[in-house]
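Descriptive structure summary
Here are the chains, one letter per residue:
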Amino acid sequence: MPMKHWFASIAMAANLLATGPAQAGPGDPLGPQFTIATQAGGRAPPQVARDAAGNFLAVWEGPFISARRYYANGTPQGPQFRVTPTDQPSAHSPSLAMSSAGDYVVAWQAYDPIDSSSHVYARSFDASGLPRSAVLHVAALTQGTGYHSVAMGPDGRFVVVWNDFVQFFAPIPGVSEGLLSAGYSNLRAQRYALNGSPDGGKLLVTTSVTNPTPLSGVHNASPPQAAMDAQGGFVVAWEDQTVTSASVIYARRYAAGGLGGGLKTRINPQFPLEAYQPSLAMDHAGNYLIGWHVRHFLSSNYSSGYDVWARRYSATGSAQGAAFQVNAGAGGGVSIQEAVDVALDPNGDAVVAWAGSPGDSCCVPSEIDLQRYSAAGVAQGGKTSVTPSGDESARIPAAPSVAMDSYGNVVVVWYELDDLKGRLYQAY
């Protein structure tokens, strides 16, 4: 048995002493799914993050942004609590990251009635939930439209990334009340120390001209993603749609000091053409994995279904093999496999989670699935259905969120009929 998996078994057995000996084998669930919160909302994807020992935190959006802390065996560390301040009742879209020691950072957006615009905020906390920083004003969104996410390194330093949309309208000649829209988006990053002190100025990751006919709120319509290694270097990934291209996933690397490690890199291959909603994770050495979903491609026409893809990269930004399809089958039909999240443990073992429809059924995601990979990119077992019933009435309204501890154990959280659920899995 590999040494890290031997330690994983010892650690998990210790955590489960209160509830009896662990019976799970490699990759098996550590008990049934559990409810984190009822009627949690489901308007934005829930978020989960895990420390090196396996303790984890779930964050979600309801009337305000709430969270709940758990021990590694899934036992709650107290009731749910409010994360955002009471003077921000409009707070929404939480993003979460955690250090090896359990310090964490939450970023969110909130509307300011004084200037009638939206802003991105963040705050860092220690492992017990006490604030380490004040509420940080990260950015004002020019026209109140944008997306954000946050990443934290093992030592607690973190980076917030966001895209800010600017849109213009002009009359279409000869069309009554018709408007032609054009615009651009700026993707920026800001690094911070654990105590919230800015580490350098704002970085312009990329700027892009978006599709002018029309924008309609669908251009770059997913949060940019970031991940950070043990040295403070980080990668930013995003979905881009320009005047001359379909939706494409790009990434750019940065050193610990904020110096860019080269030009942006296209992640998805030329075929399938369109790629959506990237997810990004990084191990301690700086190797990273990017996941996304694509439309099925049938002859010369797109179908209504989607497939999940991913690609591995070294710490130098070199692709470690070609992009690969995660879900089984060659695609096609109306099966929906989308809304991807990925996680790596410190050694590079990976898990991909997504919302899917069972078999080739139609037409909305009704289960959460997992696929494990070794650090070398070898699939570990087959697909695991977290919600095995595949009940068509159990609609999945948002992407799942997945995290790994230093032993390779997995926690996944998701919305199901507005309840926030979770489940634990043993390492391979």
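Computed from a predicted structure; not experimentally measured. (Residues numbered from 1 in each chain as written. Predicted model: local features only at pLDDT ≥ 70, side-chain atom pairs only at ≥ 80, totals over all residues. Heavy atoms only, no water.)

1. Quick notes on the overall build of the protein
From N to C terminus, the protein includes 1 helix and 28 strands. For the protein, with 428 residues in total, the buried portion stands at 54%. The long-range share in the protein, meaning contacts at least 24 apart out of those at least 6 apart in sequence, stands at 51%. For the protein, the exposed surface amounts to about 17,000 Å²; the carbon and sulfur share of it is 56%. (Helix = DSSP H or I, 4+ residues; strand = E, 2+ residues; numbered from the N terminus. Buried < 20%, exposed > 50% of the residue type's maximum accessible area, 1.4 Å probe, protein only. Contact = heavy atoms within 4.5 Å. Areas by Shrake-Rupley, 256 points an atom, 1.4 Å probe, with all protein chains shown as cover.)

2. Focus on the sheet that holds strand 3 (residues 56-61)
Taken in spatial order, the 4 strands make up an open sheet running 2-3-4-5, and their pairing is antiparallel. This sheet does not close on itself; its edge strands, each paired only once, are strand 2 (47-50) and strand 5 (81-82). Relative to strand 4 (residues 65-70), strand 3 is paired through 6 bridges, and the arrangement is antiparallel. The residue of strand 4 that forms the bridge with Glu-61 is Ile-65. (Pairing = 2+ DSSP bridges.)

3. A short note on the packing of aromatic side chains
Enumeration according to the criterion identifies 12 aromatic pairs in this entry. A ring pair is formed by Tyr-276 and Tyr-306, whose centres lie 6.3 Å apart and whose planes are at 85 degrees; its orientation type is edge-to-face. On the criterion of sequence distance, the pair formed by Tyr-276 in strand 18 (residues 276-282) and Tyr-306 in strand 20 (residues 301-313) is long-range, its members being 30 residues apart. Taking relative accessible area as the criterion, Tyr-276 reaches 15% and is therefore assigned buried. (Phe/Tyr/Trp six-rings, centres within 6.5 Å; stacked < 30°, edge-to-face > 60°.)

4. Considering the confidence of the model for the protein
Per-chain confidence: the protein averages 85 in pLDDT, with 82% of residues scoring 70 or above. Confidence drops under a pLDDT of 50 for residues 1-22, and excluding neighbours within four residues, the segment shows 23 contacts in the predicted structure. Low pLDDT (under 50) marks residues 212-220, which in the prediction has 27 contacts with non-local residues, meaning those over four places away or in another chain. (pLDDT = per-residue confidence, 0-100.)

5. Observations concerning the pattern of salt bridges
Tallying each qualifying case throughout the model produces 7 salt bridges. Note that Arg-191 is salt-bridged to Asp-199, the shortest N-O span being 3.1 Å. The buried category is assigned to Arg-191, whose relative accessible area is 8%. (Salt bridge = Lys/Arg side-chain N within 4 Å of Asp/Glu carboxyl O.)

6. Comments concerning the environment of Ala-375
Along the chain, the position of Ala-375 falls in the loop between strand 24 (367-373) and strand 25 (379-385). Residue class for Ala-375 comes out partly exposed when judged on its relative accessible area of 35%. Taking the C-alpha atoms as reference points, Ala-375 and Leu-344, separated by 31 residues in sequence, lie 8.7 Å from one another. The residues contacting Ala-375, other than those within four sequence positions of it, are Arg-312, Asn-347, Gly-348 and Asp-349.

7. Comments concerning a nonpolar patch on the surface
A cluster of nonpolar residues, Phe-168, Tyr-184 and Val-209, forms a patch on the protein surface that exposes about 280 Å² of accessible area. Here Tyr-184 lies in strand 12 (residues 179-192). We classify Tyr-184 as partly exposed; its relative accessible area is 31%. (Patch = residues over 30% accessible without salt bridge, like charges linked within 9 Å, V, L, I, M, F, W, Y side chains within 5 Å.)

8. Quick notes on the sheet that holds strand 15 (residues 234-240)
What holds strands together in a sheet is hydrogen bonding between their backbones, with the strands either parallel or antiparallel. Pairing is antiparallel in the open sheet, where 4 strands are placed in the order 14-15-16-17. Lying at the two open borders of the sheet, with one neighbouring strand each, are strand 14 (225-228) and strand 17 (265-266). Strand direction decides the pairing type here: strand 15 and strand 16 (residues 248-254), joined by 7 bridges, are antiparallel. Bridge pairing in strand 16 links Trp-238 to Tyr-250.

9. Overview of the nonpolar core
Of all hydrophobic cores here, the largest spans 17 residues; its most connected members are Ile-36, Phe-56, Trp-60 and Leu-420. Only strand 1 (34-37), strand 3, strand 27 (410-416) and strand 28 (419-425) provide two or more residues apiece to this core. Excluding residues within four positions of it along the chain, Leu-420 makes contact with Phe-34, Thr-35, Ile-36, Ala-37, Ala-40, Pro-46, Trp-60, Val-413, Trp-414 and Tyr-415. (Core = buried A, V, L, I, M, F, W, Y, C linked by side-chain atoms within 4.5 Å.)

10. Some points on the side chain of Ser-66
Mapped onto the elements, Ser-66 comes out in strand 4. The residues contacting Ser-66, other than those within four sequence positions of it, are Ala-58, Val-59, Trp-60, Gln-80, Phe-81, Arg-82 and Val-83.

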